[in-house]
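Given next are the chains, with one letter for each unit.
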Amino acid sequence: MASVHESLYFNPMMTNGVVHANIFGIKDWVTPYKISVLALLYEMITSKPMALLERRRLNKLILPLQQGPDLTLKQFLMIVELCCPETSFELRCRLYQMADGELKDMEHFFSTLPNPFSDSEVYKTSVVGLFMRHMLLAYNKLSFSQVFKLYKSLQQYCNKDRWVTPSSGPQAELPSAANEDMELTSTEDTSVDRVDGVDREEPDAGPLHQSELCGHDTTGPLSQKQAEYFFARQAYLLKNDENKAMTPAILQNELNNILKFNPDFAEAHYLSYLNSMRVQDIYIATHSLLHYFDRLILSGGEGKSNGDEGYGRSLRYAILNLATLHCRFGHYQQADLALQEAIRIAQEANDHVCLQHCLSWLYTVEHMRGSDCVVLTEDSVKMASHFCLPYLASLGIQSLVQRGATQGMTANKLLDALRSTDMVHWKQSLSELIEISLAQTTSIWRMYGKSTMAWQQAQLLLNMNSLEPVNFGVQQNNTEAFAVALCHLAELHADQGLYGAVTDIMAHLKQQFPPHTQHAKLWMLCDLKIQFEKAMNDGKYHLAEPHVTATAALNRTEGLYRKALLLKALHRTSEASKILQRLQQLCEKNKSTEMIIRVLLATAELHWDSCGFATALPLLLQALTLSRQHNLQSLGSETVLHLAFTQLMLGTPQQALALLEDVLESILAHGSLMDKGRALLLMARCQLALAGSAAEEDRLAALEQAVETLEEATAYFSRLDCSERLREIYYLQARLHHALGHTAQRNKFAMLLRLLDQELPLSGATVLTHI
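Residues numbered from 1 in each chain as written. Predicted model: local features only at pLDDT ≥ 70, side-chain atom pairs only at ≥ 80, totals over all residues. Heavy atoms only, no water.

Engineer: An account of the overall build of the protein chain is needed here, citing residue identities and associated values.
Structural biologist: In terms of regular secondary structure, the protein chain is built from 34 helices and 2 strands. Expressed as a percentage of the 771 residues in the protein chain, the buried residues total 52%. Partitioning the intrachain contacts of the protein chain with sequence separation of at least 6 by distance along the chain shows that 66% fall at a separation of at least 24. As displayed, the protein chain offers around 35,800 Å² of accessible surface, 54% of which is attributable to carbon and sulfur atoms. (Helix = DSSP H or I, 4+ residues; strand = E, 2+ residues; numbered from the N terminus. Buried < 20%, exposed > 50% of the residue type's maximum accessible area, 1.4 Å probe, protein only. Contact = heavy atoms within 4.5 Å. Areas by Shrake-Rupley, 256 points an atom, 1.4 Å probe, with all protein chains shown as cover.)

Engineer: Can you tell me about helix 22 (residues 499–512), naming the residues and giving the values?
Structural biologist: Between its first and last C-alpha, helix 22 extends 20 Å over 14 residues, near the 20 Å set by a 1.5 Å rise per residue. Those residues of helix 22 that fall on the buried side of the exposure criterion are Tyr499, Val502, Ile505, Met506, Leu509 and Gln512. One face of helix 22 carries all of its buried residues, which in axial projection span an arc of 140°. When the buried face of helix 22 is taken as reference, the exposed residues oriented beyond 90 degrees from it are Thr503 and Asp504. For helix 22, the secondary structure elements touched by its buried residues are helix 21 (480–495), helix 23 (520–538) and helix 32 (696–720). (Expected span 1.5 Å × (residues − 1). Arc of directions from axis to C-beta.)

Engineer: So what's going on with the environment of Lys152? Residues and values would help.
Structural biologist: Along the chain, the position of Lys152 falls in helix 8 (residues 144–163). Sequence spacing of Lys152 and Glu102 is 50 residues, and the spatial spacing of their C-alpha atoms is 10.0 Å.

Engineer: Just give me the short version of the packing of aromatic side chains, but keep the residues and values in it.
Structural biologist: For the coordinates displayed, the defined rule picks out 11 aromatic pairs. Consider the rings of Tyr33 and Phe76, whose centres lie 5.8 Å apart with planes at 85°: the pair is edge-to-face. Linking Tyr33 in helix 2 (residues 32–46) with Phe76 in helix 4 (residues 73–83), this pair joins segments that are 43 residues apart in sequence. Classification of Tyr33 as buried rests on a relative accessible area of 1%. On the basis of relative accessible area, Phe76 is assigned to the buried category, the value being 0%. An aromatic cluster of at least three residues, connected via ring pairs, comprises Tyr42, Phe109, Phe110 and Tyr139. Here the basic side chain of Lys534 rests over the ring of Tyr499, its NZ or CZ set 5.3 Å away from the ring centre. A cation over an aromatic ring shows up here: Lys748 above the ring of Phe749, its NZ or CZ 5.3 Å from the ring centre. (Phe/Tyr/Trp six-rings, centres within 6.5 Å; stacked < 30°, edge-to-face > 60°. Lys NZ or Arg CZ within 6 Å of the ring centre and 35° of its normal.)

Engineer: I'd love a proper account of the pattern of salt bridges, names of residues and values included.
Structural biologist: Taken as a whole and judged by the stated rule, the model has 17 salt bridges. The residue Glu558 makes a salt bridge to Lys529 at a minimum N-O spacing of 3.7 Å. Highlighted residues: Glu558 in helix 25 (residues 556–569) and Lys529 in helix 23, separated in sequence by 29 residues. A single burial state applies to Glu558 and to Lys529, both of which are buried. Salt-bridge contacts for Arg678 lead to Asp675; the nearest nitrogen and oxygen are separated by 3.8 Å. Within this pair, Arg678 and its partner Asp675 are both found in helix 31 (residues 673–691), separated by 3 residues, close to a single helical turn. Looking at Arg678, the relative accessible area reads 9%, which means it is buried. Several salt bridges converge on common partners, so that one network encompasses Lys529, Glu533, Glu558 and Arg562. (Salt bridge = Lys/Arg side-chain N within 4 Å of Asp/Glu carboxyl O.)

Engineer: I'd like to hear about the packing of helix 27 (residues 593–609) against helix 28 (residues 613–629), residue by residue, with values.
Structural biologist: Two elements in contact, helix 27 and helix 28, have axes whose closest approach is 8 Å; the angle formed by their N-to-C orientations is 165°. By the criterion of interaxial angle, the relationship of helix 27 to helix 28 is roughly antiparallel. Our pair here, helix 27 against helix 28, has a crossing hand that is left-handed. Residues Thr593, Ile596, Ile597, Leu600, Leu601, Thr603, Ala604, His607 and Trp608 of helix 27 lie in contact with helix 28, whose contacting residues are Phe613, Thr615, Ala616, Leu619, Leu620, Gln622, Ala623, Leu626 and Ser627. In terms of residue class, the contact of helix 27 with helix 28 is built from 12 nonpolar, 6 polar and no charged. (Axes fitted to C-alpha atoms, helices over the stretch in contact; angles between N-to-C directions. Parallel < 35°, antiparallel > 145°, perpendicular 65-115°, else oblique. Left-handed = near helix turned anticlockwise from the far one by under 90°. Nonpolar A, V, L, I, M, F, W, Y, C, P; charged D, E, K, R; others polar.)

Right under this line is the structure:
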């Protein structure tokens with residue numbers, strides 16, 4: 001029994017539902033929709049002069065209309081009407097006149113089309129000229145019966161627009177009879193069986209227009225050009241703006257429809273592989289990748305087994321891609337085996353380019369395993385430079401920079417290395433590597449505690465004009481580099497208490513990187529960190545607990561650290577100490593210096609809770625040594641704050657104040673509002689301690705100075721709505737104004753303290769064991 005698709009789309013190479021040949025033998029064919037496009041071009045060429053703006057809009061519309069899928073007449077006319085209503089009206093009249101007339105009217109239309117080879121506005125090598133040539137050639141090769149069926153299809157195509165009701169809207173589908181013009185895809189008599197030069201139709205694979213109005217519904221089969229345009233568009237969007245691409249389910253369904261009629265279409269298999277990687281489906285991804293290279297090798301024909309062309313080269317890169325697939329899913333042993341096989345074949349073929357790709361992935365796999373891969377990376381950079389492979393060489397240098405940053409290399413050396421690669425990037429127009437370089441520079445400045453420089457680099461990346469051709473309405477490449485920069489900006493705004501801006505940035509991230517995309521984990525983790533810090537600053541520990549669980553699901557190390565902080569705030573000291581000990585062992589194994597310093601600081605705070613200030617000193621000195629060895633200025637300043645507080649608690653306020661003054665300038669310049677407030681609060685405490693042993697005149701002056709310092713600290717903590725710190729400041733201000741005889745001011749801060757105590761009662765902790 002004949003298949004359904006055979007009844008809709010005529011194909012001389014399909015008999016009784018059995019496919020006998022590949023479908024994309026013909027580049028293009030004549031359809032009622034293509035006749036409508038030809039009529040539009042005819043109107044633009046022969047009609048009276050139109051406004052410059054309208055002509056410009058129509059000119060921009062030509063290419064999407066030619067390359068996109070067939071639209072219904074209603075959709076087509078609506079698009080044209082948005083550009084030029086008068087042309088849309090004339091186009092509608094011409095098509096209706098042709099459909100209401102006779103076959104000779106359609107014949108007359110094709111005979112009056114401008115000849116691209118003659119002296120006309122349509123040049124023979126232009127986009128419009130090539131399109132018209134293809135349509136004329138395809139039309140002239142049709143038999144009389146096929147021309148008649150084309151005319152009947154045109155009539156039904158136009159009548160569908162007349163009969164459609166207003167409620168049907170632009171989503172109306174073409175009637176099945178309108179697709180009978182696919183019977184015209186044969187270039188010879190249908191009684192002649194041919195294997196070559198025959199096209200078979202495909203269901204459409206989605207909207208290809210920037211200007212389309214009809215969503216993702218398909219309306220007809222795709223020609224080879226339409227299919228290639230569809231694959232190129234979806235692959236481009238998956239790389240640069242995944243949010244604007246088709247959803248994984250819809251895209252896979254369209255690809256399955258294409259592969260149903262032509263399983264040898266290699267590009268469809270590769271797009272299926274990319275689509276499967278979006279949803280982490282390793283089975284379909286592996287299946288599609290293997291089928292892609294199978295079809296690529298089979299289509300190579302007479303390629304040499306060990307040359308630069310042919311199936312030998314395809315086989316090498318097939319194994320290399322399989323290795324990258326396993327690496328993406330964390331199957332490092334399988335990835336290593338595949339890489340070794342690819343290296344062996346590439347060595348036999350003397351393929352140096354493939355060998356360099358293998359080497360770059362080899363050090364990537366070793367790095368993910370936790371091994372020292374510096375030697376492999378340096379060798380890869382040297383060989384890539386030798387063979388003039390700037391992309392691989394730059395990636396290797398960026399990997400070395402990242403490793404140097406974690407090992408304590410100074411910022412000037414790292415930035416010099418990045419600047420040298422940036423020159424190559426701009427010369428070679430490697431926009432992807434430029435974005436990575438700027439995002440990496442942002443992370444380096446942030447790690448070193450230079451928030452102003454990090455802010456500048458992030459803004460530079462977000463405001464940079466991309467070197468990529470901005471096609472399909474993509475205004476920003478939604479790559480990992482942009483996600484990293486936006487996350488840094490969100491955290492920097494949160495540090496300054498600008499939570500309204502943080503909300504806007506997070507909303508943009510959620511829109512650009514939906515939860516199903518591969519880079520969504522970045523903003524999810526960033527959002528959880530910000531919400532956790534905000535809840536802890538507000539003293540609302542019950543709100544912070546769910547964020548700990550969610551953070552642990554995304555990042556085990558961050559989850560453990562925040563769980564320890566929460567337990568410490570809840571005064572569950574023994575549990576927090578066990579977690580911190582386990583976390584320190586894990587970080588020492590992973591060589592995560594930043595987290596080791598944070599763990600040491602948190603452990604020292606646990607000693608403070610038990611009044612073990614002397615036992616906290618070795619831990620703080622160890623943290624200070626690590627931070628200075630690795631040039632971590634922000635963590636170093638925080639460690640000095642802890643040391644100053646410890647000195648204050650040990651009864652040496654003069655030394656504490658001296659330590660504090662050394663880092664105060666850096667904290668006020670680059671620190672967060674919390675760090676600034678804590679530093680000023682600690683300075684006020686030191687001033688109070690020193691005032692106790694001073695003469696009467698000096699004592700009053702010191703108290704006045706402490707009041708001013710506390711007022712400045714109040715401004716910082718108020719912007720963060722940090723209730724615990726504000727409670728302590730109000731208490732100290734009330735005591736100071738009482739000592740100075742300022743009754744009104746004392747009563748004011750006493751009332752604020754009482755209101756804050758009613759809103760957030762004390763949990764039993766003393767404020768003296770915190771900075």
